[in-house]
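Chains, contacts and geometry: an overview
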Amino acid sequence: MLPFKSYEVIGVGNKSYNGPRNSRYNKYKQLPGIFNGCHIYLHNFNTKYEISKSIILTKAILTKLITDAGGIVLRRVPNPELIPDEEKIVPYHAKKGGKLVECSHYIIFKNMYEPMYNMSHFKALPIGWLIECIEKYELCEPW
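These figures come from a predicted structure and were not determined experimentally.

**Focus on the packing of aromatic side chains**
Summed over the entire model, instances satisfying the criterion amount to two aromatic pairs. Ring geometry for Tyr106 versus Trp129: centroids 5.2 Å apart, planes at 20°, classification stacked. Residue Tyr106 is located in strand S5 (residues 105-109), and its partner Trp129 is located in helix H3 (residues 127-136); the two are separated by 23 residues in the primary sequence. Each of the two residues, Tyr106 as well as Trp129, counts as buried. Between Tyr117 and Phe122 the ring centres are 4.7 Å apart and the planes differ by 80°, which places this aromatic pair in the edge-to-face class. Owing to a relative accessible area of 0%, Phe122 belongs among the buried residues under this scheme.

**Some words on helix H1 (residues 19-28)**
Among the residues making up H1, those that are buried are Gly19, Asn22 and Asn26. For H1, the angular spread of the buried residues around the axis is 65°, confining them to a single face. What points out from H1, more than 90 degrees from its buried face, is the exposed set Lys27 and Tyr28.

**Thoughts on the side chain of His121**
Within the secondary structure, His121 is located in the loop between S5 and strand S6 (122-126). Every residue in contact with His121, bar those within four places of it in the chain, is listed here: Pro80, Ile83, Glu102, Cys103, Ser104 and His105.

**Remarks on the pattern of salt bridges**
Inspection of every chain in the model, using the stated rule, returns four salt bridges. Between Lys53 and Glu50 there is a salt bridge; the shortest N-O distance is 3.7 Å. By relative accessible area, Lys53 is classed as exposed at 75%. Among the residues examined, Glu50 registers a relative accessible area of 44% and is labelled partly exposed. Note that Lys136 is salt-bridged to Glu132, the shortest N-O span being 2.7 Å. Of this pair, Lys136 and Glu132 both sit in helix H3, four residues apart, which is roughly one turn of the helix. The pair formed by Lys136 and Glu132 is uniform in burial state, with each residue classed as buried.

Analysis parameters
The numbers attached to residues start from 1 for each chain and follow its sequence in the written order. Residue-level local features of this predicted model are given only where pLDDT is at least 70; pairs of side-chain atoms are given and counted only at 80 or more, and the full residue set underlies all totals for whole chains, interfaces and linings. With hydrogens and water set aside, each side-chain value is computed from the structure's full complement of heavy atoms. Each Phe, Tyr or Trp ring (for Trp, its six-membered ring) is paired with any other whose centre lies within 6.5 Å, and the angle between the two planes then decides the class: stacked below 30 degrees, edge-to-face above 60, tilted in between. Helix and strand labels come from DSSP, where a helix needs a run of H or I of at least four residues and a strand needs a run of E of at least two; each type is numbered from the N terminus. Whether a residue is buried, partly exposed or exposed follows from its accessible area with a 1.4 Å probe, protein chains only, as a fraction of its type maximum: under 20%, in between, or over 50%, in that order. Each C-beta atom gives one direction from the helix axis, and the arc is the one those directions make. It only takes one pair of heavy atoms within 4.5 Å for two residues to be counted as in contact. Just to be clear on terms, a salt bridge is a Lys or Arg side-chain nitrogen sitting within 4 Å of an Asp or Glu carboxyl oxygen.

So yeah, pure geometry; function would need other evidence.
Next comes the structure, spelled out in structure tokens:
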């Protein structure tokens, strides 16, 4: 049997992130996806978002990444005061005692980051946070 390490994708972020290895290990252990328990609204993603010259993201690509990782992409901006109890799920991959341990709903901003929501169950975060979570394959603490 050949070792996985020889054939594993390195990833696009910092080499120390180990996102592909973390993802493979998560799948091997049959754990939920990284965005399991997360409802995510992509704010104002009508045009392409360029990370680098070779990596250009669209709303469709981000939606696929989020849903493949167990998340739910919302079509409308959620009202933080009217979130149904059945949607208030503790994300599986949230760090114990971290800022996201009770957070089930997120608004991701593309251009202008507006930290207008910073509640325990509802956060507004920049696209960089979402990309970092995917690169590291962990639910990162907000900056």
